[in-house]
Amino acid sequence: VQLQASGGGLVQAGGSLRLSCVASGGTFSSYSMAWFRQAPGKEREFVAAISWNGGRTYYADSVKGRFTISRDNAKNTMYLQMNRLKPEDTAIYYCAADRAPLTVVVLTSGGYDVWGQGTQVTVSS
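About the criteria used
- Residues numbered from 1 in each chain as written.
- Predicted model: local features only at pLDDT ≥ 70, side-chain atom pairs only at ≥ 80, totals over all residues.
- Heavy atoms only, no water.
- Helix = DSSP H or I, 4+ residues; strand = E, 2+ residues; numbered from the N terminus.
- Rg over C-alpha atoms; globule rule 2.2 N^0.38 Å.
- Buried < 20%, exposed > 50% of the residue type's maximum accessible area, 1.4 Å probe, protein only.
- Contact = heavy atoms within 4.5 Å.
- Areas by Shrake-Rupley, 256 points an atom, 1.4 Å probe, with all protein chains shown as cover.
- Lys, Arg positive; Asp, Glu negative; His and termini not counted.
- Charge placed at Lys NZ, Arg CZ, Asp CG, Glu CD.
- Pairing = 2+ DSSP bridges.
- Axes fitted to C-alpha atoms, helices over the stretch in contact; angles between N-to-C directions.

What about the overall build of the chain?
From N to C terminus, the chain includes zero helices and eleven strands. Each helix and strand of the chain, ordered N terminal to C terminal, gives the series β-β-β-β-β-β-β-β-β-β-β. The C-alpha atoms of the chain give 13 Å as radius of gyration, which agrees with the globular expectation for 125 residues (14 Å, within 12%). Overall, the chain is about 40 × 25 × 25 Å in size when its C-alpha atoms are taken along their principal axes. Taking all 125 residues of the chain together, 43% fall into the buried category. For the chain, long-range pairs separated by at least 24 residues make up 57% of all intrachain contacts whose partners lie at least 6 apart in sequence. Accessible surface computed for the chain: about 6,200 Å², of which carbon and sulfur atoms make up 48%. Between the averaged position of the 12 positive side-chain charges in the chain and that of its 8 negative side-chain charges there is a distance of 5 Å.

Structure (structure tokens):
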């Protein structure tokens, strides 16, 4: 499977962006999926994750209430709706897939074995 992330850009604080991650190949509908981000000089961190059927979602405390993760298995696509963006949300955002089918959602990067190329999100103050 290959993952292609898109939707990043430059936005003012308080604005919104929607990221997309399209999967090609594999069996997207059986994978847990997640978003991670990495800011300059910092380690990659968990943002949000979603179970294979979308029934369970998980968020980092820093984005809870502002970001919403979702997926459309018919379109092999995962989304991250980001509202009320803050300058500290500035980072490269990566989507990731856990190809072990129908498993418990993992909230650490080590649980994901396929990664997209990343999309830059920049929030100006």
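Still more ground to cover, so stick around.
A short note on the environment of I69
Summarising the element assignment, I69 is placed in strand β7 (residues 67–72). Residue I69 is classed as buried on the basis of its relative accessible area, which comes to 4%. Beyond its immediate chain neighbours, meaning those up to four positions away, I69 contacts M33, W35, A48, A49, I50, T57, Y59, M78, Y79 and L80.

Observations concerning the sheet that holds strand β3 (residues 17–24)
Reading across the sheet, the four strands line up as β1-β3-β8-β7 and stay open at both edges, with antiparallel pairing between neighbours. Each edge of the open sheet is held by one strand with a lone partner, namely β1 (2–6) and β7. Each strand of the sheet is rotated relative to its neighbour by a mean of 15°, with strand direction disregarded. Pairing geometry for β1 and β3, over five bridges, is antiparallel. The residue of β3 that forms the bridge with Q4 is V22.

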